[in-house]
Amino acid sequence: MSRIGKKPVDLPSGVTASVSGQTIEVKGPKGVRTFKATDDVSFGVEDNAVTITPRGSSKRARQQWGMSRTMVANLVTGVTDGFKKELEIQGVGYRAAMEGKNLKLNLGLSHDVVYEVPEGVTVVAPKPTEITIEGIDEQLVGQVAANIRAWRKPEPYKGKGIRYKGEFVFRKEGKKK
């Protein structure tokens with residue numbers, strides 16, 4: 001039995017869910033999100049809660065049960081609160097700035113990096129060394145953060161690069177004379 005799958009997903013006030021076939025649609029104050037599940041699980045909406053039940057007792061059905069419940073919970077969280085990732089830039093001369101809908105990064109390369117922000121995500125650079133990524137789709141927010149971080153990952157000797165806020169970078173000792 002899936003311990004996560006057994007718990008129903010509560011719908012806060014202002015959030016509605018509708019099921020049509022294997023697709024569940026969640027509407028909230030921040031927008032609308034949908035999720036299409038496999039045929040191994042079924043959805044039910046009653047008493048301001050979404051319940052997920054497996055069809056059969058196969059291993060795949062049990063795997064999809066917990067995963068589908070987590071996906072529905074992420075839909076509800078996305079349309080109510082949204083998701084947020086924060087990045088820090090460390091290094092002399094490294095900085096970020098928004099230019100229209102594009103993020104311009106100076107990362108010590110021979111050219112400036114211009115990152116086009118996809119639809120559904122809001123990127124803000126409140127300080128030249130901070131980047132905040134927000135949106136209602138957790139996967140898209142995380143992917144945008146990973147793509148920006150990939151331009152200059154933190155290096156282990158001086159710690160220069162782009163890191164997640166609060167990320168620990170293991171530091172190495174330099175050469176000895």
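Right above here is the structure, for reference.
Parameters and conventions
Residues numbered from 1 in each chain as written. Predicted model: local features only at pLDDT ≥ 70, side-chain atom pairs only at ≥ 80, totals over all residues. Heavy atoms only, no water. Pairing = 2+ DSSP bridges. Helix = DSSP H or I, 4+ residues; strand = E, 2+ residues; numbered from the N terminus. Contact = heavy atoms within 4.5 Å. Axes fitted to C-alpha atoms, helices over the stretch in contact; angles between N-to-C directions. Salt bridge = Lys/Arg side-chain N within 4 Å of Asp/Glu carboxyl O.

> I'm lost on the sheet that holds strand β1 (residues 9-10) in this one. Help?
One key point about sheets: their strands pair by backbone hydrogen bonds, in either a parallel or an antiparallel sense. Pairing is antiparallel across the open sheet formed by three strands, whose spatial order is β1-β6-β5. Two strands close off the open sheet at either side, each with one partner strand: β1 and β5 (41-46). Two strands pair when backbone bridges link them, and β1 and strand β6 (residues 49-54) are joined in this way by two bridges, in the antiparallel orientation. Note on β6: the bridge partner recorded for D10 is A49. Against the sheet, helix α2 (residues 59-80) contacts β1, β5 and β6, and its axis sits at roughly 165° relative to β6.

> What is the right way to look at the pattern of salt bridges in this model?
Any two side chains of opposite charge can pair, on the condition that their charged atoms come close. Counted according to the given criterion, the structure contains 10 salt bridges. Its salt-bridge partner being E25, residue K27 comes within 3.8 Å of it at the nearest N-O pair. E173 serves as the salt-bridge partner of K176, at 3.3 Å between the closest nitrogen and oxygen. Because the salt bridges share partners, they merge into one network encompassing K84, E86 and K165.

> What should I look at first to understand the sheet that holds strand β9 (residues 102-106) in this one?
Reading across from one edge, β8-β9-β10 is the order of the three strands in this open sheet, with antiparallel pairing throughout. For this open sheet the edge positions go to β8 (95-99) and β10 (113-116), each flanked by a neighbour on one side alone. Strand-to-strand twist across the sheet, computed as the mean angle between neighbouring axes with direction ignored, equals 25°. Pairing analysis gives four bridges linking β9 to β10, with the strands arranged antiparallel. Bridge pairing in β10 places L105 opposite V113.

Keep in mind that these numbers describe shape and distance, not what the molecule does.
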